[in-house]
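Fold and geometry: a report
So you can see what is in the structure, the chains are spelled out below.
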Amino acid sequence: MVTIRRYNIFILASSFWLPNSVLEMRIINDPAKLQQLVSQVPRPLVLVPTMGALHEGHLALVLRARKLARGTGTAAASVFVNPTQFGPSEDLERYPRPFERDSALLKQNGCDLIFAPEAPDMYYPDRSVEIVENALSQVMCGASRPGHFSGVCTVVAKLFNLFRPDIAIFGAKDFQQLAIITRMVRDLNFPIRVEAHPTVREPDGLAMSSRNVYLSAEEREQAPVIQKVLQRAEKKVREGRGSVTGLVEWMRTQIQRAPLAKVDYAVAVDPANLQTVSQLRPPMLLAAAVFFGDTRLIDNRLVE
Ligand code: AMP
């Protein structure tokens, strides 16, 4: 009897300290089940929201989540191609959805919990509430993609309510998204710490993106022009010579020199509010969105 009791104590103690990552990874599709589960999982719970089609950039965020959750907390990811953040003429239908591969990669990188709902599980047909951010989302991608950021804010708020994460990680590649989510968390008092992760790049400087797979060989060869020009623009900002309008015009022309590039926008803005700056000096966010064929790529450089 005594031996059995000791054995029980051992089992209890080991399940308490065993790293969560060596236990089975859970895949949940049902929002109600997720809400139930997260009230029982070890904390901190660190969330990485994604649309799947994972690459090294996403996986760096997951590794960071694993680290922040330490051995005993929960590293979680959502994989959901959110229809409400796509415009009518955008790539919702063709967006890649390699879920088997994604879930294997998440598991290998220390993820404990995946939430992968279908759109009808997330949205009632007669839904009538959404979150609209009214300042930071008026410019850059918000100007080019009307409604995009209210789609993003609404789905991220839903994910926050479903997971109740302690920490949520977002990539600096989507700087405007990161700024808007940070503002939403502040303005709506979500008890969540937003953590930024630096942009992960291909060896030639192209920012990793799930959309890079759409590029033809020729487009792929030219795409690093975006980061190359932003890098040279940073140098100009540090030298402090010339005007902001001159710099922005220069960025546009330089990117456009790649024959397949069509600049959607090129901007130099204040990173705190994304408004155009008047003086050519740090801190400054240099950012661009560029079409290669139908593929729209974004990138930025923060000059601090
Ligand atoms: P997405 O699946 O494109 O919605 O991205 C999910 C998260 O990964 C967002 O927070 C993105 O900012 C982040 N992310 C995407 N690409 C990169 C990258 N190359 N480096 C760092 N973070 C990234």
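Above: the structure in question.
Residues numbered from 1 in each chain as written. Predicted model: local features only at pLDDT ≥ 70, side-chain atom pairs only at ≥ 80, totals over all residues. Heavy atoms only, no water.

What to know about the nonpolar core
Membership of the largest hydrophobic core comes to 45 residues, with the highest contact counts inside it found for Phe160 and Phe163. Top element by residues in this core is helix H7 (residues 148–163). It accounts for 10 residues. In contact with Phe163, other than residues within four places in its own chain, are Leu34, Val38, Arg43, Leu45, Leu47, Ala76, Ala77, Ser78, Leu113 and Phe115. Among the nonpolar cores identified, the runner-up in size contains 29 residues, and Ala223, Ile226, Val244 and Val248 belong to it. (Core = buried A, V, L, I, M, F, W, Y, C linked by side-chain atoms within 4.5 Å. Buried < 20%, exposed > 50% of the residue type's maximum accessible area, 1.4 Å probe, protein only. Helix = DSSP H or I, 4+ residues; strand = E, 2+ residues; numbered from the N terminus. Contact = heavy atoms within 4.5 Å.)

So, a positive patch on the surface
Residues Arg232, Lys235, Lys236 and Arg257 make up a contiguous surface patch of positive charge. Residue position: Arg232 is located in helix H10 (residues 225–239). (Patch = residues over 30% accessible without salt bridge, like charges linked within 9 Å, V, L, I, M, F, W, Y side chains within 5 Å. Areas by Shrake-Rupley, 256 points an atom, 1.4 Å probe, with all protein chains shown as cover. Salt bridge = Lys/Arg side-chain N within 4 Å of Asp/Glu carboxyl O. Lys, Arg positive; Asp, Glu negative; His and termini not counted. Charge placed at Lys NZ, Arg CZ, Asp CG, Glu CD.)

Points about the layout of surface pockets
The space that makes up the second largest pocket amounts to roughly 290 Å³. Residue lining of the second largest pocket: 18 residues in total, with Val79, Val81, Arg97, Pro117 and Glu118 positioned closest to the centre. Within the lining of the second largest pocket, the residues separate by chemical class into 13 nonpolar, 2 polar and 3 charged. (1 Å grid on protein atoms, 1.4 Å probe; cavity = no way out; pocket = protein on both sides within 12 Å on 5 of 7 lines; lining within 4 Å. Points joined across faces, edges and corners; volume = space filled by probe spheres on them. Nonpolar A, V, L, I, M, F, W, Y, C, P; charged D, E, K, R; others polar.)

Focus on the site of the ligand
His58, Gly171, Asp174, Val200 and Met208 are the nearest of the 16 residues found near the ligand. A distance of 2.9 Å separates an oxygen atom of the ligand from a polar atom in the side chain of His58. Take Val200: an N or O atom from its main chain is 2.8 Å from a nitrogen atom of the ligand. Out of a free accessible area of 480 Å², the ligand has 93% covered by protein chains. (Near = heavy atom within 4 Å. Polar contact = N/O pair within 3.5 Å; in protein donor to acceptor, adjacent residues only side chain to side chain.)

Notes on empty space enclosed by the protein
Taken as a whole and assessed by the stated rule, the structure comprises 1 cavity of 30 Å³ or more. Quantified by volume, the largest cavity comes out at close to 60 Å³. Contributing to the lining of the largest cavity are 13 residues, with Leu206, Ala207, Ile226, Leu297 and Ile298 lying nearest its centre. Looking at the lining of the largest cavity element by element, the count peaks at 3 residues for strand S9 (residues 295–303). Its residues placed into classes, the lining of the largest cavity shows 7 nonpolar, 4 polar and 2 charged.

Considerations on the packing of H7 against helix H8 (residues 175–187)
Contact pair H7 / H8: the axes reach a minimum separation of 11 Å and the direction vectors enclose 55 degrees. As the angle between them shows, H7 and H8 are arranged oblique. For the pair H7 and H8, the sense of crossing is right-handed. Touching Phe149, Val152, Cys153, Val156, Ala157 and Phe160 of H7 are Gln176, Gln177, Ile180, Ile181, Met184 and Val185, all from H8. Looking at the contact of H7 with H8 residue by residue, the class counts come to 10 nonpolar, 2 polar and no charged. (Axes fitted to C-alpha atoms, helices over the stretch in contact; angles between N-to-C directions. Parallel < 35°, antiparallel > 145°, perpendicular 65-115°, else oblique. Left-handed = near helix turned anticlockwise from the far one by under 90°.)

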